[in-house]
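Given next are the chains, with one letter for each unit.
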Amino acid sequence: MNKNCCDIDACTACSTCAALCPVAAAVREFPGPKLAGPAAERFRRAGARDDAALAYCTNCKTCEITCPSGVPVAAINMRARAEHQKKHGRKLRDWLLAHGEHMAKLALPAQPLADLGMDNPVTRQVLKAIGIAAGRPLPKYARRSFLRQFGKLRQQPCADKIVFFPGCFTNYNAPEVGLDLVAVLQANGHEVVVPKGLNCCGLPLVTGGYLEEAEAAAKRNIAVLAPYAAAGVPILAACPSCGLMLKQDYRELFAADGAAEVAAKTYDAMEFLLELRDAGRLNTAFKPGKARYLYHAPCHLRAQGIGRPTLELIGALPGVTVADLDAGCCGIAGSYGFKDDRYEISMAIGQELFARIKAEQADAVLTDCGTCRLQIAHGTGAKALHPVSVLRKAYEPAYKL
Ligand code: SF4
Ligand code: SF4
């Protein structure tokens, strides 16, 4: 664990974070980032306070994005929450949500039975009994994981290599996103490598309060990725939360050798493609289209401080327009919105985004995060896509894998 993490003395009590925290706006019981984070931490470190309200924090990082003093408020909250949960115990529901990778590995061999089983009213009753929100649709598992399909692809060999960190959602639930990224990179003269030995980025473990397990997961990933980083090979994540873990949280939370080197070579997928464009290396042989998209920037993409590459890349496609929704957090925050005692909060946070989407006429909503896509589809009924899927279509049929 990084002993230097979570400097609270930099907080000047300016309250900027408090004004923008989506949870504080939706839940009276949550005192907000400043009070739950650096202010309460002083008392916690003196052993005088044990704060159950920390369970409301979604780890959306809006506080960190907005803090002018660089206080890692969300990291402070996650560490304090883990300590609180160690003392007070955890629910089965929270263990299951934190260990989604284990659950997917168990479920995948039995897909589609697993999906049918999840939709079964009896299963939903059992899930409700352990605290999974009855009104929340569960994501379907893919018939074949990304890794299984990737292993069968025949890529064009290229001198330029890319390491792709697929993450759990792409691997088990949305393999088409990973396959679309491979096709787009191949169309741009890059060969994709997915090294063996990668596991979940560890974010569900961090938010679930299992920091030791998250650290072990982080160290396994770093051990696999560090040799590629040292060789100068870019590492891409198509999920902003995985990307933020690799870029920031591994360094911030865990003192792992190689974390800084891996962070320096990690890119969000669309960020990398925009860099190719800026270097004059993006293949721009796009076929003309006709579409209007809306774009939702996930919190963990905004926390990366890379702007909104999707707006530039998709907006430059012939015949395509894309409008920035700019409506803050969607509210789902990974597994947060699946909890029965957080579902209403999650939907309340997403209201502004839902209203803007419903007020617009568009072919689809684009967003980089898999669970944001679930929330948008649930909250609005709109079709939600990863932007790389739109790019892939713009290259077809010339670059079909
Ligand atoms: S991480 Fe998000 S929910 Fe948690 S305190 Fe910061 S802004 Fe609020
Ligand atoms: S954490 Fe940052 S934004 Fe929040 S009160 Fe302190 S200095 Fe201000």
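Residues numbered from 1 in each chain as written. Chains lettered and ligands numbered in written order. Predicted model: local features only at pLDDT ≥ 70, side-chain atom pairs only at ≥ 80, totals over all residues. Heavy atoms only, no water.

Undergrad: Sorry, what's going on with the site of ligand 2 here?
TA: Not every one of the 14 residues close to ligand 2 is listed here, only the nearest: Cys11, Cys14, Ser15, Cys17 and Cys67. When residues of the shell around ligand 2 are traced back to their parent elements, those giving at least two are α1 (16-20) and α3 (33-45). Classifying every residue of the shell around ligand 2 by side-chain character gives nine nonpolar, four polar and one charged. (Near = heavy atom within 4 Å. Helix = DSSP H or I, 4+ residues; strand = E, 2+ residues; numbered from the N terminus. Nonpolar A, V, L, I, M, F, W, Y, C, P; charged D, E, K, R; others polar.)

Undergrad: Teacher, can you tell me more about the side chain of Gln375 here?
TA: In this fold, Gln375 is placed in helix α22 (residues 370-380). On the basis of relative accessible area, Gln375 is assigned to the buried category, the value being 0%. Once residues within four sequence positions are removed from consideration, Gln375 is found in contact with Arg136, Cys330, Gly331, Ile332, Ser346, Met347 and Phe354. (Buried < 20%, exposed > 50% of the residue type's maximum accessible area, 1.4 Å probe, protein only. Contact = heavy atoms within 4.5 Å.)

Undergrad: Explanation requested: the site of ligand 1 in the structure shown.
TA: Taken together, 14 residues lie around ligand 1, and Cys21, Cys57, Cys60, Lys61 and Cys63 are the ones closest in. For the shell around ligand 1, the elements supplying multiple residues, two or more each, are α2 (22-26), α4 (62-66) and α5 (73-88). When its residues are assigned to classes, the shell around ligand 1 shows nine nonpolar, four polar and one charged.

Undergrad: Any chance you could explain the pattern of salt bridges here in plain terms?
TA: Where charged atoms from two side chains of opposite charge approach closely, those side chains can pair. On inspection of all chains with the given rule, the structure shows 25 salt bridges. Here Glu212 and Lys86 are joined by a salt bridge, their closest N and O atoms 2.9 Å apart. Of the two residues, Glu212 is situated in helix α14 (residues 211-230) and Lys86 in helix α5; the sequence distance between them amounts to 126 residues. Across the pair Asp94 and Lys339 runs a salt bridge, and its minimum N-O distance is 3.9 Å. Here Asp94 is found in helix α6 (residues 92-98), whereas its partner Lys339 is found in the loop between β6 (320-324) and α20 (343-349), with 245 residues between them in sequence. Pair check on accessibility: Asp94 and Lys339 agree, each one buried. Beyond isolated ion pairs, a larger network of salt bridges with shared partners links Lys91, Arg93, Asp94, Lys339, Asp340, Asp341 and Arg342. (Salt bridge = Lys/Arg side-chain N within 4 Å of Asp/Glu carboxyl O.)

Undergrad: Would you mind going over the sheet that holds strand β1 (residues 160-165) with me for this structure?
TA: Note: strands within a sheet are paired through backbone hydrogen bonds, in either parallel or antiparallel orientation. Taken together, the four strands give an open sheet; going across it, the order is β2-β1-β3-β4, and neighbouring strands pair in parallel fashion. Looking at strand neighbours, the two that pair on one side only are β2 (190-193) and β4 (266-268), the edges of this open sheet. Pairwise comparison of adjacent strand axes, ignoring direction, gives a mean angle of 35 degrees for this sheet. Pairing geometry for strand β3 (residues 235-237) and β4, over three bridges, is parallel. For Leu236, the partnering residue across the bridge sits in β4 and is Tyr267. Lying on the sheet, helix α12 (residues 175-187) is in contact with β1, β2 and β3; it crosses β2 at an angle near 150 degrees. (Pairing = 2+ DSSP bridges. Axes fitted to C-alpha atoms, helices over the stretch in contact; angles between N-to-C directions.)

Undergrad: What should I look at first to understand the domain arrangement of the protein chain in this one?
TA: Interfaces are often sized by the amount of accessible area the parts lose when they come together. Each domain of the protein chain was delimited in the assignment, giving domain 1 (16-88) and domain 2 (283-395). If you average the C-alpha positions of domain 1 and of domain 2, the two centres end up 27 Å apart. Listed per partner, the contact involves 13 residues of domain 1 and ten residues of domain 2. Summing both partners gives a buried area of about 930 Å² for domain 1 against domain 2, and 71% of it is carried by carbon and sulfur. Among the residues domain 1 hides against domain 2, the three largest losses belong to Tyr56, Thr58 and Ile65. Together they make up 40% of the total. Joining domain 1 to domain 2, the criterion identifies two residue pairs in polar contact (both at pLDDT 80 or more). Looking at the side of domain 1 that touches domain 2, the elements that each hand over two or more residues are α2 and α4. Counted by class, the side of domain 1 that touches domain 2 contains nine nonpolar, three polar and one charged residues. (Domains from an automatic or database assignment. Buried area = accessible area lost by both parts, 1.4 Å probe. Polar contact = N/O pair within 3.5 Å; in protein donor to acceptor, adjacent residues only side chain to side chain.)

Undergrad: Could you clarify how one ought to interpret the packing of aromatic side chains in this entry?
TA: Aromatic ring pairs are defined here through the distance separating the ring centres and the angle between the ring planes. In the structure shown here, the tally under the stated rule is five aromatic pairs. Taken together, a centroid distance of 5.4 Å and an interplanar angle of 90 degrees make the contact between Phe146 and Phe164 edge-to-face. Residue Phe146 is located in helix α10 (residues 146-150), and its partner Phe164 is located in strand β1; the two are separated by 18 residues in the primary sequence. Between Phe286 and Tyr395, the ring centres sit 4.8 Å apart and the planes meet at 35 degrees, which makes this aromatic pair tilted. Note that Phe286 is positioned in the loop between α17 (269-278) and β5 (291-295) and Tyr395 in helix α23 (residues 387-395), a separation of 109 residues in sequence. Residue Phe286 shares its accessibility class with Tyr395, and that shared class is buried. Taken together, the aromatic side chains of Phe146, Phe150 and Phe164 make up a single cluster linked through ring pairs. Above the plane of the ring of Tyr210 lies Arg90, whose end atom (NZ or CZ) is 4.1 Å from the centre. Sitting over the ring of Tyr56, Arg342 keeps its end group 4.3 Å from the ring centre. (Phe/Tyr/Trp six-rings, centres within 6.5 Å; stacked < 30°, edge-to-face > 60°. Lys NZ or Arg CZ within 6 Å of the ring centre and 35° of its normal.)

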